[in-house]
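Here's the letter readout for the chains.
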Amino acid sequence: MRKMIFTLLGVGALLGTSYAAQANSVLILEGYQAQAQMDDPAFREFSAERGQEFFSQNHTGGKPQTPSCTTCHTADPSGAGQTRAGKTIAPLAISKTPDRYSDFEKVEKWFRRNCTSVLGRTCSAREKGDFITFMKTR
Amino acid sequence: MALIEQNKMPKEGAVIWDFPLRFFHWAMVGVVAIAALTGYLFEGWWLNIHVYAGYALLCLLLFRLVWGFMGSYYSRFHHFPLARGEVIAHIKSLLKGRSKEYVGHNPVGAWMIVILLSTLVLLVLSGLFVWGGQENSGPLASVASYGIGKASEEVHEVLAGLLMAAIAFHVGGVLVENFIFKHPLIKAMITGRKEGAIAQGQVRVAHSVLGIGLFVAIVCGVALWVNAAQGPRFIGAQNATYTQECGDCHLAYHPSMRTGDSWQKMLLSLENHYGEDASLTPKKRAEILAYLQENNATTFDTKVAHKIGRIETASLRMTDTRYWQKKHDDFKPATFTHAEIGSKVNCNACHQDAADGRFSESAIKLPKGVKK
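Predicted model only: the values in this text are computed from it and were never measured.

Student: Run through the overall build of chain A, naming residues and quoting values.
Tutor: Summing up its helical and strand segments, chain A has five helices and two strands in all. Counted from the first residue to the last, chain A has its helices and strands arranged as α-α-α-β-β-α-α. Sorting the 138 residues of chain A into buried and exposed places 38% on the buried side. Nonlocal contacts in chain A, meaning residues at least 24 apart in sequence, comprise 55% of its contacts between residues at least 6 apart.

Student: Which residues make up the pattern of salt bridges, and what are the values?
Tutor: This model, assessed by the stated rule, comprises twelve salt bridges over all chains. The salt bridge involving A:Lys109 is made with B:Glu245; its shortest N-O contact spans 2.6 Å. Here the residue A:Lys109 occupies a position in helix H4 (residues 104-119), and B:Glu245 occupies one in helix H9 (residues 240-245), the pair thus bridging two chains. Taking the shortest distance from any N to any O, the salt bridge between B:Lys284 and B:Glu245 comes out at 3.2 Å. Of the two residues, B:Lys284 sits in helix H11 (residues 282-294) while B:Glu245 sits in helix H9, which places them 39 residues apart along the sequence. For B:Glu245, a relative accessible area of 8% translates into the label buried. A network of salt bridges, in which partner residues are shared, links A:Glu105, A:Lys109, B:Glu245, B:Asp248 and B:Lys284.

Student: So what's going on with the state of the cysteines? Which residues, and what values?
Tutor: A full pass over the atoms with the stated rule returns one disulfide over all chains. Across the disulfide from A:Cys115 sits A:Cys123; the S-S distance is 2.0 Å. Here the S-S torsion is close to -100°, and the disulfide linking A:Cys115 with A:Cys123 is therefore left-handed. For the pair formed by A:Cys115 and A:Cys123, the shared burial category is buried. Cysteine B:Cys246 shares no disulfide, and the gap to the nearest cysteine sulfur, in B:Cys249, comes to 9.7 Å. Here B:Cys347 stays unpaired: no disulfide links it, and the sulfur of B:Cys350, its closest cysteine neighbor, is 9.4 Å away. Take B:Cys347: its relative accessible area is 10%, and that puts it in the buried class.

Student: Explain the interface of chain B and chain A to me, and be specific about the residues and the numbers.
Tutor: On the chain A side, the residues contacting the 22 residues of chain B number 16 residues. Carbon and sulfur atoms make up 39% of the surface buried where chain B meets chain A, a total of about 1,600 Å² over both sides. In this structure, the connection of chain B to chain A is made through four salt bridges. On the surface where chain B and chain A come into contact, there are 15 residue pairs in polar contact (both at pLDDT 80 or more). Here the residues of the side of chain B that touches chain A sort into seven nonpolar, nine polar and six charged.

Student: Let's hear about the packing of helix H2 (residues 19-40) of chain B against helix H8 (residues 205-228) of chain B: which residues, and what values?
Tutor: All names here are of chain B. Between H2 and H8, whose axes approach to 8 Å, the crossing angle comes to 40°. Between H2 and H8, the interaxial angle falls into the category oblique. Facing Phe19, Pro20 and Phe23 of H2, the residues of H8 in contact are Ser208, Gly211, Ile212 and Phe215. Residues of the contact of H2 with H8, tallied by class, amount to five nonpolar, two polar and no charged.

Student: Account for a nonpolar patch on the surface, with residues named and values stated.
Tutor: Residues and elements named next belong to chain B. Together, Ile34, Leu37, Tyr40, Leu41, Phe42, Trp46, Ile49 and Met164 make up an exposed nonpolar region whose accessible area comes to about 750 Å². At three residues, H2 tops the list of elements feeding residues into the nonpolar patch. Here tryptophan 46 shows up in the loop between H2 and helix H3 (47-70).

Student: Account for the domain arrangement of chain B, with residues named and values stated.
Tutor: All names here are of chain B. Annotation of chain B at the domain level lists domain 1 (9-228) and domain 2 (240-363). Measuring from the centre of the C-alpha atoms in domain 1 to the corresponding centre in domain 2 gives 45 Å. Contacts between the two partners involve twelve residues from domain 1, matched on the other side by ten residues from domain 2. Carbon and sulfur atoms supply 48% of the area that domain 1 and domain 2 bury against each other, a total of about 980 Å² over both sides. It is Glu135, Asn136 and Tyr146 in domain 1 that bury the most area against domain 2; as a group they hold 55% of the surface buried on that side. For the pair domain 1 and domain 2, the interface holds one salt bridge. Of the charged contacts in the structure, one is a salt bridge between lysine 303 and glutamate 135, with a shortest N-O distance of 3.2 Å.

Calculation notes
- Residues numbered from 1 in each chain as written.
- Chains lettered and ligands numbered in written order.
- Predicted model: local features only at pLDDT ≥ 70, side-chain atom pairs only at ≥ 80, totals over all residues.
- Heavy atoms only, no water.
- Helix = DSSP H or I, 4+ residues; strand = E, 2+ residues; numbered from the N terminus.
- Buried < 20%, exposed > 50% of the residue type's maximum accessible area, 1.4 Å probe, protein only.
- Contact = heavy atoms within 4.5 Å.
- Salt bridge = Lys/Arg side-chain N within 4 Å of Asp/Glu carboxyl O.
- Disulfide = S-S within 2.5 Å.
- Buried area = accessible area lost by both parts, 1.4 Å probe.
- Polar contact = N/O pair within 3.5 Å; in protein donor to acceptor, adjacent residues only side chain to side chain.
- Nonpolar A, V, L, I, M, F, W, Y, C, P; charged D, E, K, R; others polar.
- Axes fitted to C-alpha atoms, helices over the stretch in contact; angles between N-to-C directions.
- Parallel < 35°, antiparallel > 145°, perpendicular 65-115°, else oblique.
- Patch = residues over 30% accessible without salt bridge, like charges linked within 9 Å, V, L, I, M, F, W, Y side chains within 5 Å.
- Areas by Shrake-Rupley, 256 points an atom, 1.4 Å probe, with all protein chains shown as cover.
- Domains from an automatic or database assignment.

What follows is the structure in structure tokens.
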């Protein structure tokens with residue numbers, strides 16, 4: 001009986017953290033949604049397709065070493081990437097790295113850095129939202 | 001009473017080299033061979049085996065020094081024929097093509113042992129200082145400075161040459177004695193007995209068992225000392241923000257790898273960090289900056305701090321230092337782009353102790369499929 005309770009508690013804790021991560025990522029997306037609507041009143045919803053295109057295409061304006069997200073993250077978001085220095089990067093796909101988009105500060109840090117490196121500018125809320133929406137489908 | 005009197009009498013065919021002494025001798029042969037091979041012929045990353053041979057030598061030598069006072073008759077230093085008169089007489093007779101047979105060591109042989117043992121003691125000591133000062137490992141890591149380690153390496157190399165010469169003389173002398181003068185020295189060191197020799201004292205089994213017990217105790221003692229004196233893995237103080245923020249895209253390089261000035265320049269240009277934006281929030285950057293002003297190449301006394309960290313480069317890159325390039329010039333450029341390595345700055349792909357700032361030669365392990 002006690003064992004069962006502990007097992008249930010354990011499962012509950014696991015589910016809890018994963019729910020918390022999901023809840024956070026939902027909050028983060030809602031934030032980007034609100035921002036995107038402020039930027040463009042005609043904006044309706046994020047699109048995984050647009051996110052995929054943004055992720056895989058070659059951009060101009062950034063640093064020559066990093067023309068695309070796929071330079072480091074590889075074309076497959078569910079696989080591990082590698083930084084230019086050689087360190088392994090955990091997969092971007094939520095199915096592989098569930099807590100990927102749950103820490104707003106961290107999410108913003110990497111969009112700030114990587115958008116400068118790849119696009120030479122900051123990313124819009126719509127681009128960020130499309131990106132995360134795409135990663136949720138992977 | 002009568003029995004004891006009888007035992008004190010010189011006895012023919014008795015054991016002259018007790019078992020612990022013979023064990024010491026042949027163990028020494030094996031361990032010195034391993035140490036010499038790994039020291040002279042093999043790559044730096046065989047250093048681990050060399051060091052283990054060194055610890056084994058330390059145990060064997062400590063044992064021999066004690067056994068020189070409490071071993072059986074011919075093992076005791078006190079009974080070595082070292083007096084000047086005896087040595088001169090022995091050399092004179094050798095020059096005339098004769099060699100008087102001694103039951104234990106002959107005078108030249110005895111001096112040879114003294115020279116061999118002292119050289120070996122000094123070799124082990126200097127080796128421990130190199131291991132501690134230069135490689136920041138082992139029981140003397142916290143005691144020996146980098147400078148002492150470096151100086152000890154010179155001493156260690158000279159002593160190793162001396163030892164090789166001494167071994168050549170020792171083996172040459174034994175061969176001459178054995179085959180030209182027909183004194184069965186080699187057989188005596190194997191069986192412990194010398195035919196026809198009238199031996200002083202007596203070797204008791206219990207005494208030999210005591211000798212082996214003593215050796216085991218010394219091994220335990222040395223092992224305890226080596227373990228107890230082991231310093232912390234990470235050299236110096238760590239900072240969680242530094243490790244986290246600077247370890248995102250690459251190894252959080254040990255602070256000893258650049259000077260305070262170089263670190264500062266790097267932190268003030270993170271917006272373009274070797275072709276990437278690695279910018280930090282002002283708060284985090286200030287914290288890391290403070291940490292690196294306190295902890296940098298000038299505050300560490302390690303090999304990497306001296307050889308790479310303190311050498312400033314225009315690019316701020318450590319891979320642009322001459323020492324780095326000299327140390328890696330055996331590798332083709334393609335090696336660094338190997339999937340398991342990725343880039344020149346992924347130190348820990350091969351240096352397993354890179355994060356700790358140690359970079360010991362013994363901790364180099366090439367990933368599978370990577371060749372020199």
